[in-house]
Amino acid sequence: MFFKKILGFINLYRLDIAFITVLLYLFGSFFVIGFKSFNVINFLMSFLISFVSVNFIYSLNSWFDADIDKINKPTRPIPAGIITKKEAYIYSICLLLVSIVYPIFFINISNFILLVYIFPIIGILYSNKIFSFKKNKYLALFAITFSLVMVFAISFLINGGIINNNFILTTISFWFLTIAIVIFKDLSDIEGDKKYGSENWFVVLSKNKVLAISFIFILLSFIFSFFMDNIFIKIITIIQLSSILFLLFIFSIFKINFDKFYNSLLKFLIINGFIYIIIYSCVKLFL
């Protein structure tokens, strides 16, 4: 029972997002210092940002969405009865406190370390009882994609990256790509979101229109990538574009329930991250 409850607290966070966030942090450092990014400080920072700061965003949202999840995701820890709403709230507050405290111990690393306070701010804005970004589809999409982009940007800056046109173009390109992916998040939440008044892209628009919007943002990301000096941005953009098109093809051919598309896409992103690291490593070793 004890271990089941511990696992319940862990599962308030999404483990696929946890892995993606760690990879994003490592990517940010890769663009600046290459293989030197494999150091203790970077791995520790990627862990803290992912499993504390970003975890707070998702765990607080699990508390906020407890009633909605009874419809949308009944197997989640709170609606499944593994942990209570009160326990989830206390756990989220603990994550908030740790996310505020730990940057102080890294203050000597970089002037940009305090940017990690953006994550608890986003978490509170996204999930609160007064004015929740979660309730507005535009603000929700902005909050989620901005938090992911900031993981990459913070790592880039902490590791000595320079704010120049290339950094700005890279960030914009990545943001567009993130929007193209995250917009599918609402796909499996239609019924609960409708009942509890949360705006949902797939309620307002048809699946084909959402797919069209996603494709437009991928195309914009691809176009922006060609204005940058870094060939690896082009490579990873092409990989992501290919993944989405491949998944769409598989789901269409085998008539798979489209509600599973977003979760499948996230798993592809994790695989893509490792593919990118292999490509990057091979290029650096042999060229």
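All values reported here derive from a predicted model rather than from experimental measurement. (Residues numbered from 1 in each chain as written. Predicted model: local features only at pLDDT ≥ 70, side-chain atom pairs only at ≥ 80, totals over all residues. Heavy atoms only, no water.)

1. Notes on the overall build of the protein chain
Okay, so step 1: Each helix and strand in the protein chain was counted, giving 13 helices and zero strands.
Okay, so step 2: In sequence order, the secondary structure elements of the protein chain are arranged as α-α-α-α-α-α-α-α-α-α-α-α-α.
Okay, so step 3: In terms of overall size, the protein chain behaves like a compact globule, its C-alpha atoms giving a radius of gyration of 19 Å where 287 residues would be expected to give roughly 19 Å.
Okay, so step 4: Principal axes of the C-alpha set define a box for the protein chain whose edges measure 55 × 50 × 35 Å.
Okay, so step 5: Counting across all 287 residues of the protein chain, residues that qualify as buried make up 52%.
Okay, so step 6: Residue pairs at least 24 apart in sequence account for 72% of intrachain contacts in the protein chain once pairs closer than 6 positions are excluded. (Helix = DSSP H or I, 4+ residues; strand = E, 2+ residues; numbered from the N terminus. Rg over C-alpha atoms; globule rule 2.2 N^0.38 Å. Buried < 20%, exposed > 50% of the residue type's maximum accessible area, 1.4 Å probe, protein only. Contact = heavy atoms within 4.5 Å.)

2. Digging into the packing of helix 2 (residues 15-33) against helix 7 (residues 137-158)
Helix packing for two helices is described by the angle between their axes and how far apart those axes are.
Okay, so step 1: Interhelical geometry of helix 2 versus helix 7 gives an angle of 35 degrees and a closest axis separation of 7 Å. Relative to helix 7, the crossing made by helix 2 is right-handed. Contacts between helix 2 and helix 7 involve Thr21, Leu24, Tyr25, Phe27, Gly28, Ser29, Phe31 and Val32 on the former and, on the latter, Leu148, Val151, Phe152, Ser155, Phe156 and Ile158.
Okay, so step 2: Residues that form the contact of helix 2 with helix 7 fall into these classes: 10 nonpolar, four polar and no charged. (Axes fitted to C-alpha atoms, helices over the stretch in contact; angles between N-to-C directions. Left-handed = near helix turned anticlockwise from the far one by under 90°. Nonpolar A, V, L, I, M, F, W, Y, C, P; charged D, E, K, R; others polar.)

3. Considering the layout of surface pockets
Okay, so step 1: Quantified by volume, the largest pocket comes out at close to 640 Å³.
Okay, so step 2: Top contributing element to the lining of the largest pocket by residue count: helix 3 (residues 40-64), with four residues.
Okay, so step 3: Counted by class, the lining of the largest pocket contains nine nonpolar, seven polar and 10 charged residues. (1 Å grid on protein atoms, 1.4 Å probe; cavity = no way out; pocket = protein on both sides within 12 Å on 5 of 7 lines; lining within 4 Å. Points joined across faces, edges and corners; volume = space filled by probe spheres on them.)

4. Some points on the pattern of salt bridges
Okay, so step 1: Counting across every chain of the model gives seven salt bridges.
Okay, so step 2: The residue Lys137 makes a salt bridge to Glu199 at a minimum N-O spacing of 3.4 Å. Residue Lys137 is found in helix 7, and its partner Glu199 is found in the loop between helix 9 (190-196) and helix 10 (201-204); the two are separated by 62 residues along the sequence.
Okay, so step 3: For Asp186, the salt bridge goes to Lys185, with nearest N and O atoms at 3.4 Å.
Okay, so step 4: A relative accessible area of 7% means that Asp186 is categorised as buried.
Okay, so step 5: Residue Lys185 is classed as buried on the basis of its relative accessible area, which comes to 18%. (Salt bridge = Lys/Arg side-chain N within 4 Å of Asp/Glu carboxyl O.)

5. So, helix 6 (residues 118-126)
Okay, so step 1: All of the buried residues in helix 6 are Ile118, Phe119, Pro120, Ile122, Gly123 and Tyr126.
Okay, so step 2: Looking at the buried positions of helix 6, the neighbouring elements they touch are helix 3, helix 5 (85-101) and helix 7.

6. Focus on the side chain of Ser50
Okay, so step 1: When you line up the elements, Ser50 lands in helix 3.
Okay, so step 2: A polar side-chain atom of Ser50 sits 3.0 Å from the main-chain carbonyl oxygen of Ala18.
Okay, so step 3: Setting aside chain neighbours within four positions, we find Ser50 in contact with Tyr13, Ala18, Thr21, Val22 and Asn55. (Polar contact = N/O pair within 3.5 Å; in protein donor to acceptor, adjacent residues only side chain to side chain.)

7. Quick look at the nonpolar core
Okay, so step 1: Grouped together as the largest cluster of nonpolar side chains are 68 residues, with contacts concentrated most on Phe27, Ile49, Phe119 and Phe261.
Okay, so step 2: In terms of residues, this core owes the most to one element, helix 7, which gives 14 residues.
Okay, so step 3: Setting aside its immediate chain neighbours within four residues, Phe27 contacts Phe152, Ile236, Gly273, Tyr276 and Ile277.
Okay, so step 4: Listed in part, the 12 residues of the second largest apolar core include Leu12, Ala66, Ala88 and Leu95. (Core = buried A, V, L, I, M, F, W, Y, C linked by side-chain atoms within 4.5 Å.)

8. Details of empty space enclosed by the protein
Okay, so step 1: Counted by the stated rule, this structure contains two cavities of 30 Å³ or more.
Okay, so step 2: Here the largest cavity defines a volume of roughly 410 Å³.
Okay, so step 3: Contributing to the lining of the largest cavity are 29 residues, with Ile20, Leu24, Phe174, Leu177 and Gln240 lying nearest its centre.
Okay, so step 4: Classifying every residue of the lining of the largest cavity by side-chain character gives 21 nonpolar, eight polar and no charged.
Okay, so step 5: One number sums up the size of the second largest cavity: a volume of about 90 Å³.
Okay, so step 6: Broken down by element, the residue count for the lining of the second largest cavity peaks at four residues, all from helix 7.
Okay, so step 7: Classifying every residue of the lining of the second largest cavity by side-chain character gives seven nonpolar, no polar and six charged.

9. A look at the environment of Trp175
Okay, so step 1: When you line up the elements, Trp175 lands in helix 8 (residues 165-182).
Okay, so step 2: Given the relative accessible area of 22%, Trp175 is considered partly exposed.
Okay, so step 3: Along the primary structure Trp175 and Ser29 are separated by 146 residues, whereas in three dimensions their C-alpha atoms are 17 Å apart.

10. Focus: the packing of aromatic side chains
Okay, so step 1: Scanning all chains against the criterion turns up 19 aromatic pairs.
Okay, so step 2: Arranged with centres 6.5 Å apart and planes meeting at 25 degrees, the rings of Phe152 and Phe156 form a pair that is stacked. You can see Phe152 and its partner Phe156 sitting in helix 7, four residues apart, about one turn around the helix.
Okay, so step 3: A relative accessible area of 11% places Phe156 in the buried class.
Okay, so step 4: Among the aromatic residues, those joined into a ring-pair cluster are Tyr13, Phe47, Phe51 and Tyr58.
Okay, so step 5: One Lys or Arg, Lys129, reaches over the ring of Trp63 and ends 5.1 Å from the middle of that ring.
Okay, so step 6: Against the face of Trp201 rests Lys137, its NZ or CZ located 5.7 Å from the ring centre. (Phe/Tyr/Trp six-rings, centres within 6.5 Å; stacked < 30°, edge-to-face > 60°. Lys NZ or Arg CZ within 6 Å of the ring centre and 35° of its normal.)

Function cannot be inferred from these measures alone, as they are strictly geometric.
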